[in-house]
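Residue strings, one per chain:
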Amino acid sequence: MPLDQEFDSEEEETGKEMSFIGHLEELRWHVIRAGGSILVFAILAFVYIKEIYHYVIIAPSQPDFWTYRMLCKLADKVQYDELCIKALNFKLQAIGVGDQFTMSMTSAVIAGLVFAFPYAFWEVWRFIKPGLKPSERQSARGAVFYVTFLFFSGVFFGYYIVTPLAINFLANFTLDPSIINEFSLSSYISLVATLTLACGIAFQLPIVVYVLAKVGVLTPAFMREYRKHAMIVILIVAAVITPSPDIYSQVIVAIPLFLLYELSILVAGKVEREKIAEEKALANSTGGSDI
């Protein structure tokens, strides 16, 4: 059973309206519980921070990373050797005295945020849900599951696809052969975290489209009409995310974004059909009452 179907707030159970101060108090406790979950996971991540660094954070900087090995296999199949990444021309260094400790704390908080996301969002959803109409609650069933699934799909896409391609480009881009790439630990972690979390947020596109379609801002017809424009924007985004000059890297990034857009059209179409069905039901009920 999805998390968002297990519990209802006291307001929903009693049907009693709450004051503004009451809403703020309830929101405060939801935020405290969400923040507490992030803190718990951050502490757990800090306990195992060395393993997280070795197997997760530092992994994309190594030539034997899973993505690089898959790209080499793809390069063999398409006969395009430049797609294979065999070496990364940079070294990581901690410049400040406390950089390693500081970045371990930062990394633990980021890890806590990622792992606690399902519960934290569930707490936010518990606050929002009582304010919805019964029909809106029915339409939003499983919201926590879908949002969580899309978030982690984006995180994995950002970590395994976007981040390695960006690191490869930046590591092998040189103005002059005499310049040695020695990246600071903080800048490296910032790059990995930013790209990974940004993809997790970007993959919420179907949810955003669902909300906009519900309020009547977006329609499937509009999205189909501007599909070509969206494809151009997606290609530009893919080119920016993967500044590598080869077309294969851009295609690898663009394909999931295209699929997300097509999925969003289906979501908007479903919302439109539901609205038409509700209008027909309301018209039939009104007509029956007149008779």
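Remember, it's a predicted structure, so these values are computed and weren't measured experimentally.

Caption draft 1: The overall build of the chain, seen in detail. Within the chain one finds 13 helices and two strands. Carbon and sulfur atoms make up 68% of the accessible area of the chain, which amounts to about 17700 Å² in all.

Caption draft 2: Representation of the packing of aromatic side chains. Under the defined criterion, the tally for this structure stands at 17 aromatic pairs. For the pair Phe-156 and Tyr-160, a centre-to-centre distance of 6.2 Å together with 10° between the ring planes defines the contact as stacked. Taken together, the residues Phe-156 and Tyr-160, both in helix α8 (residues 143-172) and four residues apart, mark about one turn of the helix. For Phe-156, a relative accessible area of 49% translates into the label partly exposed. Taking relative accessible area as the criterion, Tyr-160 reaches 29% and is therefore assigned partly exposed. Here the aromatic rings of Tyr-159 and Tyr-160 are separated by 4.8 Å at their centres, their planes lie at 85°, and the arrangement is edge-to-face. Judged by relative accessible area, which is 10%, Tyr-159 ranks as buried. The residue whose ring lies beneath Arg-126 is Trp-122, and the NZ or CZ to ring-centre distance is 5.0 Å.

Caption draft 3: The arrangement of the pattern of salt bridges in detail. Evaluated as defined, the whole model comprises six salt bridges. In this structure, the salt-bridge partner of Lys-214 is Glu-274, at a minimum N-O distance of 3.8 Å. With a gap of 60 residues between them, Lys-214 in helix α10 (residues 205-214) and Glu-274 in helix α13 (residues 247-290) connect regions that are remote in the sequence. Via salt bridges that share partners, Arg-33, Glu-123 and Arg-126 belong to a single interconnected network.

Caption draft 4: Representation of the UniProt feature "transmembrane region" (unreviewed entry) in the chain. With numbering aligned to this structure, UniProt lists the feature "transmembrane region" (unreviewed entry) at residues 31-49, 101-122, 143-167, 187-213, 225-241 and 247-268. Spanning residues 101-122, this segment combines 95% helix with 0% strand, and its end C-alpha atoms are found 32 Å apart. Along residues 187-213, the helical share is 93% and the strand share 0%, with 39 Å between the first and last C-alpha atoms.

Caption draft 5: Region of interest: the confidence of the model for the chain. On average, residues of the chain carry a pLDDT of 84, and 89% of them reach 70 or more. Residue range residues 5-15 is modelled with pLDDT below 50. Its contacts to residues more than four positions away, or to other chains, number 17 contacts.

Caption draft 6: Looking closely at the side chain of Glu-274. Side chain to side chain, Glu-274 and Lys-270 meet in a polar contact 2.5 Å long. Aside from chain neighbours lying at most four places away, what touches Glu-274 is Ser-139 and Lys-214.

Caption draft 7: Summary view of the environment of Asp-81. Within the secondary structure, Asp-81 sits in the loop between α4 (66-78) and β1 (91-93). With relative accessibility at 63%, the residue Asp-81 sits in the exposed group. Considered as a pair, Asp-81 and Leu-71 are ten residues apart in the sequence and their alpha carbons are 9.6 Å apart.

Caption draft 8: The arrangement of the state of the cysteines in detail. A full pass over the atoms with the stated rule returns one disulfide. Across the disulfide, Cys-72 is cross-linked to Cys-84 (sulfur-sulfur distance 2.0 Å). For the disulfide bridge between Cys-72 and Cys-84, the dihedral angle about the S-S bond is near 75°, and by the sign convention the bridge is right-handed. On the criterion of sequence distance, the pair formed by Cys-72 in helix α4 and Cys-84 in the loop between α4 and β1 is long-range, its members being twelve residues apart.

Thresholds applied
Residues numbered from 1 in each chain as written. Predicted model: local features only at pLDDT ≥ 70, side-chain atom pairs only at ≥ 80, totals over all residues. Heavy atoms only, no water. Helix = DSSP H or I, 4+ residues; strand = E, 2+ residues; numbered from the N terminus. Areas by Shrake-Rupley, 256 points an atom, 1.4 Å probe, with all protein chains shown as cover. Phe/Tyr/Trp six-rings, centres within 6.5 Å; stacked < 30°, edge-to-face > 60°. Buried < 20%, exposed > 50% of the residue type's maximum accessible area, 1.4 Å probe, protein only. Lys NZ or Arg CZ within 6 Å of the ring centre and 35° of its normal. Salt bridge = Lys/Arg side-chain N within 4 Å of Asp/Glu carboxyl O. UniProt positions renumbered as here; feature names shortened; annotations may be inferred. pLDDT = per-residue confidence, 0-100. Contact = heavy atoms within 4.5 Å. Polar contact = N/O pair within 3.5 Å; in protein donor to acceptor, adjacent residues only side chain to side chain. Disulfide = S-S within 2.5 Å.

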